[in-house]
Amino acid sequence: MRWISCRLVAPLLLLPAVMLAQTAGPDLAARMKAVEDATKAAQSAGDNAWMLISSALVLMMTGPGLALFYGGLVRRKNVLGTMMHSFILMAVVTVLWAVIGYSLAFGGSGPFMGNAQFAFLNNVGSAPNSDYAGTIPQQTFMVYQLMFAIITPALISGAFAERMKFSAMLLFTVLWTLFVYFPMAHMVWGKGGLLNAALGGKIPCFDFAGGTVVHITSGVSALVCALYLGKRIGFPGPAIKPHNLVLSFIGACLLWVGWFGFNAGSALAASGLATSAFVATHFGAAAATLGWILAEWIDNGKPSVLGGISGCVAGLVAITPASGFVKPFPALLIGLCAGIVCYMMVTRIKAKFGYDDALDAFGVHGAGGTLGAILTGVFATNLVNDSFKDPAGKLLPLGAVDGNTGQILNQVIGSAIAWGLAIVGTLIILKICDMTLGLRVSKEQETEGLDLSMHGEEGYIFES
Amino acid sequence: MKKIEAIIQPFKLDEVKEALKAIGIDGMTISEVRGHGRQKGHKEVYRGQEYNVDLLPKVKLEMVVPAGRFDEVIKTLTAAARTGKIGDGKIFVYDVAEAIRIRNDDRGEAAL
């Protein structure tokens, strides 16, 4: 038997060499194509691996990241209700996205809104969508963008924490995602969108990973919610303080790590641009942490842990639109400004106007997002991002540091549109929810806490 | 028989327990309580919002001792619990009418 198998294997080993010899001469083109296909497949494998990891990282920002961050900041009787605000959106927005959301954000090429082209994820498969990301399956792009749609409404929940009905919260976030988030995402990132700098927008606005789309819309809507719902019982007063900053600390650290997927993933490839965004993100967070803590130390005499973690989130927010456009030192500067400005927002401005933005969604995301969007117009440079060229192939100047000072105005217009859409959209949606379901829980329910009154359970049960 | 109710600093609990054990007193009931006397509370600041916390964590010890050992117990307890600063706590003493051991109906000092 052994003798027979040797005789069989020897010619088989020679087979590839024989095949090469036969194809070398006449079919060079076919061989070149084979090499090209193999190269493409290799690049696609690398990019796809990074984008799948990034998608998971961005989901991790909502649950457990944001859920822990917000959950620790509320009183113990509301910890589950607050975590649920984030968690339930991981389910609700996913269904919405599959049915129509992805299509409304990335279908068609209208200036304000997508179309029904990809409704029910029709034709969204493993073939790339070359309008957006030519090297990864469209399904990867779709699921990555979904994670952004999940976290954005979850951010707003920081403003209406501890007092909104669960049913009203569900209706509000569904309508808000449909009529504020999807149009805004299309305007900035969708093909032909009004503000899209890369794909034929009338007012090219740089927003690498969602400064306008995610943070301005959510932060400004948060302010509207806080004003519309009114203050919590007992605000401002001694009874309302964070119940577990250890949870918030873990949450903030998960946000910092997850944000690498959010920003570096927005390169939509495992490229040098992704690295650049990764570095800028990290530097922005670091500088903002120091900025907030320093301001607080000078102001209060003590550098707090809550200040440190709030600062890092403020920096991550502000660097988001700029991350794929700026060099490391401007990233440090943007972060430092964000740490100080957001500190002033949540201490001075909030106290002055007296609105109850319970967990400072506006002070951090609205203010940090707007600051970051405008500073992107100052520091964006084609030394970092070389995807904008004139017809002759020459790199276009991006921000003021490249000599394109007009970009700052574009950034202001983009931010103003996001503010406007957020204010008007949120007001109308709140009114609808108020008239149909009622927004606020009763006084008794609020005093009892959302965990018991909305969900029938408690976060901490010591006797069991 | 005397009942001793001592409110002490939480971090002094182990020292007090050891000192009492050393003189042969090892029956006591302990609870975590919050309160304040002359000691002022402290200020906490969360994102610029100030809170004055005036109820501070303390530990309450309760024990009943034979009248003959009372002075010795008080001396040991105060020595072990004292730091000399405001906030060290207080001791209240009551006369006890009766003590009963549930297991076997022992009464009086025999039940301690």
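Residues numbered from 1 in each chain as written. Chains lettered and ligands numbered in written order. Predicted model: local features only at pLDDT ≥ 70, side-chain atom pairs only at ≥ 80, totals over all residues.

**Topic: the overall build of chain A**
- If you tally the helices and strands in chain A, you get 14 helices and 0 strands.
- What you see in chain A, going N to C, is helices and strands ordered as α-α-α-α-α-α-α-α-α-α-α-α-α-α.
- Computed over the C-alpha atoms, the radius of gyration of chain A is 25 Å, within 12% of the 23 Å expected from 2.2 N^0.38 for a compact globule of 464 residues.
- Judged by the C-alpha coordinates and their principal axes, chain A covers about 85 × 65 × 45 Å.
- Taken across its 464 residues, chain A has 53% of its residues classed as buried.
- Contacts in chain A between residues far apart in sequence, at least 24 positions, make up 74% of those at least 6 positions apart. (Helix = DSSP H or I, 4+ residues; strand = E, 2+ residues; numbered from the N terminus. Rg over C-alpha atoms; globule rule 2.2 N^0.38 Å. Buried ≥ 20, exposed ≤ 12 C-beta atoms within 10 Å, placed from the backbone. Contact = placed C-beta atoms within 7 Å.)

**A few points about the interface of chain B and chain A**
- Contacts between chain B and chain A engage 7 residues on the former and 13 residues on the latter.
- Broken down by secondary-structure element, the contributors of at least two residues to the side of chain B that touches chain A are strand S3 (42–46) and strand S4 (49–53) of chain B.
- The class makeup of the residues in the side of chain B that touches chain A is 3 nonpolar, 3 polar and 1 charged. (Nonpolar A, V, L, I, M, F, W, Y, C, P; charged D, E, K, R; others polar.)

**Side note on the confidence of the model for chain A**
- For chain A, per-residue confidence averages 93 on the pLDDT scale, and 94% of positions sit at 70 or higher.
- Throughout residues 1–10 of chain A the model reports pLDDT below 50, and contacts reaching past four residues in sequence, or to other chains, amount to 0 contacts. (pLDDT = per-residue confidence, 0-100.)

**With respect to unusual backbone geometry**
Residue and element names in this part refer to chain A.
- Gly63 connects to Pro64 through a cis peptide bond whose omega is 10°.
- Residue placement: Pro64 occurs in helix H2 (residues 28–73).
- With omega at -10°, the peptide bond leading from Phe235 into Pro236 counts as cis.
- Tracing the sequence through the fold places Pro236 in the loop between helix H6 (211–229) and helix H7 (245–263).

**What to know about the nonpolar core**
- Counting 142 residues, the largest nonpolar core has Ala159(A), Leu255(A), Ala322(A), Ala338(A) and Cys342(A) as its most contacted members.
- Looking at which element gives the most residues to this core, the answer is helix H4 (residues 138–160) of chain A, with 15 residues.
- Here Ala338(A) is in contact with Ala288(A), Gly291(A), Ala314(A), Gly315(A), Val317(A), Ala318(A), Gly368(A), Leu371(A) and Gly372(A), once residues within four sequence places are set aside.
- In terms of nonpolar packing, the next biggest core, distinct from the first, is built from 10 residues, Leu20(B), Ile25(B), Val65(B) and Leu77(B) among them. (Core = buried A, V, L, I, M, F, W, Y, C linked by C-beta atoms within 7 Å.)

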